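In case you want the letters, here they are:
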Amino acid sequence: MLLRSILTLWLGLLIACSRPTWHAVDVSGKLPPLDFTLAGTHGEIRRGEDFLGRIVLLFTGFTHCPGVCPATLARLAAVLEGIEDSQAKIQVLFVSLDPERDSPEVLEAYVRRFGPWFVGLTGSQAQLEELTRRYFLPYQKQSLGSGGDYEVLHSSQVLVFDRQGRARLLVSAALPEEDLKADLQQLLREPS
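Quantities reported herein were computed from a predicted structural model and do not represent experimental measurements.

A. Focus on helix α2 (residues 68-81). With 14 residues, α2 ought to run about 20 Å at 1.5 Å a step, and its terminal C-alpha atoms sit 20 Å apart, in line with that. Restricting attention to buried positions, one finds in α2 the residues Cys69, Thr72, Leu73, Arg75, Leu76, Ala77, Val79 and Leu80.

Here's what the structure looks like:
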């Protein structure tokens, strides 16, 4: 009886130790894999499969965003600067939800300010709705008055996909940079 209890405890510890512990929310098996068709900043068609082999951080927003977007992208850049060889291993996809104002040139100039990890993408209304519905990243245009100006209300969360394109983590704005860095490094240590 004692031997059985010890073996059960040992097996439980072994299983618990073999599961990764994450700082971000683990969404493994809860969201679909990386799959989309959008336009890149040079007019090229980009698909989710183009980014397989790299860890992908997916963030939606718009270039006229007054706070959340630049703060999130700057935060991601700061984290990635601290990861060795991150340019070759990690890609950030910034998907503009405002194709009317975010021309390819505007979007390219915007993402380049944050570093070499960033790729700007956008698409038609139907493509953007499909992407945001697929990954539960709601957004809505909101008028700012009679002048026709508007902003885009959107999620501040970042979705992280592993090198096989599987959705793995949901990162909130409240997650400390060192915790995000630790999670990305743990994903990088996983076999390809």
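B. Spatial organisation of unusual backbone geometry. The phi torsion at Asp85 lies on the positive side, around 55°, for a residue other than glycine. Here Asp85 is to be found in the loop between α2 and α3 (86-89). In this structure Asp85 comes out as partly exposed when scored by relative accessible area, which is 47%. Backbone geometry places Phe136, a non-glycine residue, at a positive phi of 55°. If you trace the backbone, Phe136 turns up in the loop between α5 (125-134) and β7 (139-143). The exposure class of Phe136 is exposed, given its relative accessible area of 62%.

C. Layout of α5. Listed as buried for α5 are Leu128, Leu131 and Thr132. Relative to the axis of α5, the buried residues are bounded by an arc of 90° and lie together on one face. Within α5, the exposed residues directed more than 90 degrees away from the buried face are Ala126, Glu130 and Arg133. The inward-facing, buried residues of α5 contact β2 (37-40), β4 (55-61), β5 (90-96), β6 (118-122) and β7. Positive backbone phi, at 55°, marks Phe136, one or two positions downstream of α5.

D. Local environment of the nonpolar core. Grouped together as the largest cluster of nonpolar side chains are 55 residues, with contacts concentrated most on Leu57, Leu58, Phe118 and Leu184. Per-element accounting of this core gives the leading share, six residues, to α2. Setting aside its immediate chain neighbours within four residues, Leu57 contacts Leu76, Ile90, Gln91, Val92, Leu93, Val158, Leu159, Val160 and Leu184.

E. Region of interest: the side chain of Thr60. Note on placement: Thr60 falls in strand β4. Thr60 sits in the buried class, given a relative accessible area of 0%. Residues within four places of Thr60 in sequence aside, it is in contact with Phe94, Val95, Leu97, Leu131, Leu137, His154 and Ser155.

F. Geometry of the environment of Gln186. Examined against the element boundaries, Gln186 turns out to sit in helix α6 (residues 177-189). Sequence-wise, Gln186 and Thr21 are 165 residues apart; in three dimensions their C-alpha atoms are separated by 9.3 Å. Excluding residues that lie within four positions of it along the chain, Gln186 makes contacts with Pro20, Thr21 and Trp22.

G. Seen up close, the pairing of β2. Sheet topology note: the β2/strand β3 (residues 45-47) ladder contains three bridges and is antiparallel. Bridging from a neighbouring strand, Leu38 pairs with Arg46 of β3. Once β2 ends, the chain turns through four residues before running back antiparallel as β3, passing Gly43 with a positive phi of about 85°. As paired elements, β2 and β6 share two bridges and run antiparallel to each other. What sits directly across from Ala39, in β6, is Thr122.

H. Just the packing of α2 against α6, in detail. Where α2 meets α6, the axes come as close as 9 Å, and the angle between the chain directions of the two elements is 55°. One way to sum up the angle between α2 and α6 is to call them oblique. Seen from above, α2 lies across α6 with right-handed handedness. Across the interface between the two elements, Arg75, Leu76, Ala78, Val79 and Leu80 from α2 touch Glu177, Leu180, Lys181 and Leu184 from α6.

Reading guide: rules and limits
- Within any chain, residue numbers begin from 1 and follow the written order of that chain's sequence.
- With pLDDT at 70 or above as the cut-off, local features in this predicted model cover only qualifying residues; side-chain atom pairs require 80 or more to be listed or tallied, and sums for whole chains, interfaces and linings still use all residues.
- Computation of side-chain values: all heavy atoms of the structure, hydrogens and water removed.
- The helix count covers DSSP runs of H or I at least four residues long, the strand count covers runs of E at least two residues long, and both are numbered beginning at the N terminus.
- The span you would expect from a helix comes to 1.5 Å times its residue count less one.
- With a 1.4 Å probe rolled over the protein chains alone, any residue whose accessible area is under 20% of its type maximum counts as buried; one over 50% counts as exposed, and the rest are partly exposed.
- The directions from the helix axis to the C-beta atoms form the arc being described.
- Contact between two residues is taken to exist if any of their heavy atoms lie within 4.5 Å; hydrogens are not considered.
- Within this scheme, the nonpolar core is defined by two criteria: the residues are buried Ala, Val, Leu, Ile, Met, Phe, Trp, Tyr or Cys, and they are joined through side-chain atoms within 4.5 Å.
- Two strands make a pair as long as DSSP finds a minimum of two bridges between them.
- In this analysis an axis means a line fitted to C-alpha atoms, helices contributing only their contacting stretch, and an angle means the value between N-to-C directions, from 0 to 180 degrees.
- The scheme is simple: roughly parallel for angles under 35 degrees, roughly antiparallel for over 145, roughly perpendicular for 65 to 115, oblique for anything else.
- For any pair of crossing helices, the crossing counts as left-handed if the nearer helix is rotated counterclockwise from the farther one by less than a right angle, and right-handed if it is rotated clockwise.

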